[in-house]
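Structural overview for review
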Amino acid sequence: MEPTAGKPSLLRNILARLLLFGVFIIVVRFAYVVTITGESCNLGDFCFFSLPQNLNFVIPGAGTGVSAVVGNDVVPGSNPRRDLYTSKEWIKAVHFYSSIFQDLISEGYLSPHSKSLSVETPLGQEVFALKEIGVEDSIGIFKKAAKPLVIKGDGHLIPFHDNTFDFIFSGGARLDLSARPSDFASEIARTLKPEGFAVLHIKANDTYSFNSFLDLFNSCRFVKMREIDGFDSSMPYIREIILKKEIEVLDHGDRKVPNGKSDNKCSVPGHKLELVQKAEPLILEEPLKPWITLKRNIQNVKYLSSMVDISFKNRYVYVDVGARSYGSSIGSWFRKQYPKQNKTFHAYAIEADKTFHKQYELKKKWVTLLPYAAWVKNETLSFEINRDPGQEEVSELNDKGRGMGRIQPVKSKQGKLNVEVDQIQGFDFAEWLKNTVTERDFVVMKMDVEGTEFDLIPRLFETGAICLIDEIFLECHYNRWQRCCPGQRSTKYEKSYGQCLELFTSLRESGVLVHQWW
């Protein structure tokens, strides 16, 4: 009898069943390891991912469904964040923050009973780590919620009442990146309980930024700082700062410089004195062609914002005293060349010459025009517009061809060639500055006032307003050699180059970062 065709089919069925049985054994083995034994996964157990042996935590907020293991705990697998919570990046971050918080517990700044807040934590690793080490009453805030670890909230407007938390943490240099660091710091101080601790991780590592940071927290006392290695390439270096909220509000320089002669004196802090030592050297010998030498010197200027981190400032302000046209220095130099570290500055243009006022009408969004003359008190002044001989030929542009204006406290000599005299309002510049900015602001000033600097600078020292200025670009006016007439000095100014050098030197010796301007 010939073999029937059914035998090969029977053989194939048997092989298929054996294969299915083998697959079933693998699945059962995998399910046993994952859902019963709670062991870490490895290739021998037919697992498809592995976790560190010493990490034991349960995925938060999981629902019902197929179970999965994380560390030594069984968790439901229907959680949409399962991939996130089992990623290497997540686990690495949790390990890092767990170590940080355990150190803080051992040092007494945190306890398992602390009501804790993590500010602006996008994924909640910090909250997870807090809960993992036993600080159960912990929550995080971010602009987009990631429940149950993170609820919706903003570091500039924390959605909790005053004096709510025993411990507040901000990692990832969130304060460095904040567009409103003063509000960020104020909200942390507001929601922290008296005698509670705030711990912040920042990137900035220079002395200037450290002092600016402390100025933001006027109700907190500096406790400790340490430098630690980060856990990823985005922040390889971390400066950890611990603050304690005081019952009485302290003053780290957040107030405006007080009025009244008895309290007007200020002392420039040591960290600013150190920065002056790093500035470019002054030009000691009088240049024969100052319009060339001083202009070239701008290439040597060491800007403050190129030496330090300016992140921890309340506002960023540029004051142009003797601004002339918008393109004279605000538009052509400050806006294009000054290193701003991506900060948005507001400019004040102080210019008494009404010829230039119309140019600022379209710049109101970021420039405020003060159509007056900076002076030592409030009074009406004579404002003289004159030109050096041959100045009309210097430039074809009308605003550059217009003579420079200067204050004449007494009446100008009439009948003088190329002279135009107007009556203008002068204002006490030092007092205005004290009422406009504080030591928590970053203030850059350019001063080009045709000789009045010898009146204004002493007034800034007398009132203490000099301490409000971080950096000065000063043009000092003296009887310099004239471009038009070789061998002749300008008769407009009485001061000599030596007297200008003395002014610059005294400013630097007082701790003021001043640069020679042209």
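Residues numbered from 1 in each chain as written. Predicted model: local features only at pLDDT ≥ 70, side-chain atom pairs only at ≥ 80, totals over all residues. Heavy atoms only, no water.

Some details on the packing of helix H3 (residues 88-106) against helix H4 (residues 125-132)
We count it as follows: Axes, fitted as lines to C-alpha atoms, cover a helix only where it is in contact. Angles between the N-to-C directions of the axes lie from 0 to 180 degrees. Only DSSP runs of H or I reaching four residues or more are called helices, and only runs of E reaching two or more are called strands; each is numbered from the N terminus. Any angle that is under 35 degrees is reported as roughly parallel, and any over 145 degrees as roughly antiparallel; angles of 65 to 115 degrees are reported as roughly perpendicular and all others as oblique. For a crossing to be left-handed, the near helix must be turned anticlockwise from the far one by less than a right angle; the clockwise case is right-handed. We call two residues in contact whenever any of their non-hydrogen atoms come within 4.5 Å of each other. Residues are grouped as follows: Ala, Val, Leu, Ile, Met, Phe, Trp, Tyr, Cys and Pro are nonpolar; Asp, Glu, Lys and Arg are charged; every other residue, Gly included, is polar.
At their nearest, the axes of H3 and H4 sit 8 Å apart, and the two run at 55 degrees to each other. For the element pair H3 / H4, the angle class is oblique. In this structure, H3 meets H4 at a crossing whose hand is right-handed. Residue-level inspection shows Trp 90, Ala 93, Val 94, Tyr 97, Ser 98 and Phe 101 of H3 in contact with H4, the latter providing Gln 125, Glu 126, Phe 128, Ala 129 and Leu 130. Partitioned by chemical class, the residues of the contact of H3 with H4 number eight nonpolar, two polar and one charged.

Quick look at the sheet that holds strand E17 (residues 442-447)
As a reminder, the rule being used: In short, DSSP must find at least two bridges between two strands for them to pair.
Pairing within the open sheet is parallel, and its six strands lie in the order E12-E11-E10-E17-E18-E19. In the strand order of this sheet, the two ends are held by strand E12 (367-370) and strand E19 (514-516), each with one partner. Each adjacent strand pair in this sheet contributes to an overall mean axis angle of 15 degrees, direction not counted. Contacts from helix H15 (residues 497-509) reach strand E18 (471-474) and E19 within the one sheet, and its direction differs from that of E19 by about 155 degrees.

Thoughts on H15
Stated precisely, the cut-off is as follows: By definition here, a helix of n residues has an expected span of 1.5 Å times n minus one. Whether a residue is buried, partly exposed or exposed follows from its accessible area with a 1.4 Å probe, protein chains only, as a fraction of its type maximum: under 20%, in between, or over 50%, in that order. Comment: arc refers to directions from the helix axis out to C-beta atoms.
Helix length check: H15 (13 residues) gives 18 Å between terminal C-alpha atoms against 18 Å at 1.5 Å per residue, within 8%. For H15, every residue scored as buried is listed here: Tyr 497, Cys 500, Leu 501, Leu 503, Phe 504, Leu 507 and Arg 508. Projected down its long axis, H15 shows its buried positions confined to an angular sector of 155 degrees, all on one face. Away from its buried face, by an angle of more than 90 degrees, H15 presents the exposed residues Glu 502 and Glu 509.

Observations concerning the pattern of salt bridges
Defined as follows: Just to be clear on terms, a salt bridge is a Lys or Arg side-chain nitrogen sitting within 4 Å of an Asp or Glu carboxyl oxygen.
In total, this model carries 19 salt bridges according to the counting rule given. Two residues, Glu 187 and Arg 190, come together in a salt bridge whose shortest N-O distance is 2.9 Å. Note that Glu 187 and Arg 190 are positioned in helix H6 (residues 181-191) at a spacing of three residues, about one turn of the helix. The class of Glu 187 is buried, set by a relative accessible area of 10%. Residues Glu 246 and Arg 221 are paired through a salt bridge, measuring 2.7 Å at the closest nitrogen-oxygen approach. Taken together, the residues Glu 246 in the loop between strand E9 (237-245) and helix H8 (270-276) and Arg 221 in strand E8 (residues 220-229) connect sequence positions 25 residues apart. Since its relative accessible area comes to 23%, Glu 246 is described here as partly exposed. Salt bridges here are not isolated pairs; linked through shared partners, they connect Asp 428, Glu 431, Lys 434, Arg 459 and Glu 462.

Quick word on the packing of aromatic side chains
Each aromatic ring pair is summarised here by two numbers: the centre-to-centre distance and the angle between the ring planes. As a reminder, the rule being used: The aromatic pairing rule takes the rings of Phe, Tyr and Trp, using the six-membered ring of Trp, and pairs them if the centres are within 6.5 Å, calling planes under 30 degrees apart stacked, those over 60 edge-to-face and the rest tilted. Note on geometry: a ring has a charge over it if NZ (lysine) or CZ (arginine) is within 6 Å of the ring centre and within 35 degrees of the ring normal.
Applying the stated rule across the entire model yields 36 aromatic pairs. Plain terms: the ring middles of Tyr 97 and Phe 101 are 6.3 Å apart, the flat faces sit at 25 degrees to each other, and that makes the pair stacked. Taken together, the positions of Tyr 97 and Phe 101, both in helix H3 and four residues apart, correspond to about one turn of that helix. Its relative accessible area of 5% is what places Tyr 97 among the buried residues. Take Phe 101: its relative accessible area is 0%, and that puts it in the buried class. With a centroid separation of 6.3 Å and 50 degrees between ring planes, the pair formed by Tyr 316 and Phe 442 is classed as tilted. On the criterion of sequence distance, the pair formed by Tyr 316 in strand E10 (residues 316-321) and Phe 442 in strand E17 is long-range, its members being 126 residues apart. Look at Tyr 316 and you get buried, because its relative accessible area is 8%. Judged by its relative accessible area of 0%, Phe 442 is buried. Chaining the aromatic ring pairs together yields one cluster made of Tyr 303, Tyr 316, Tyr 318, Trp 333, Phe 334, Tyr 338, Phe 345, Phe 442, Phe 473 and Trp 517. Over the ring of Phe 334 we find Lys 340; its NZ or CZ atom is 5.0 Å from the centre of that ring. Positioned over the ring face of Phe 454 is Lys 495, at 5.0 Å from the centre of the ring.

Any functional reading would require information beyond the geometric quantities listed.
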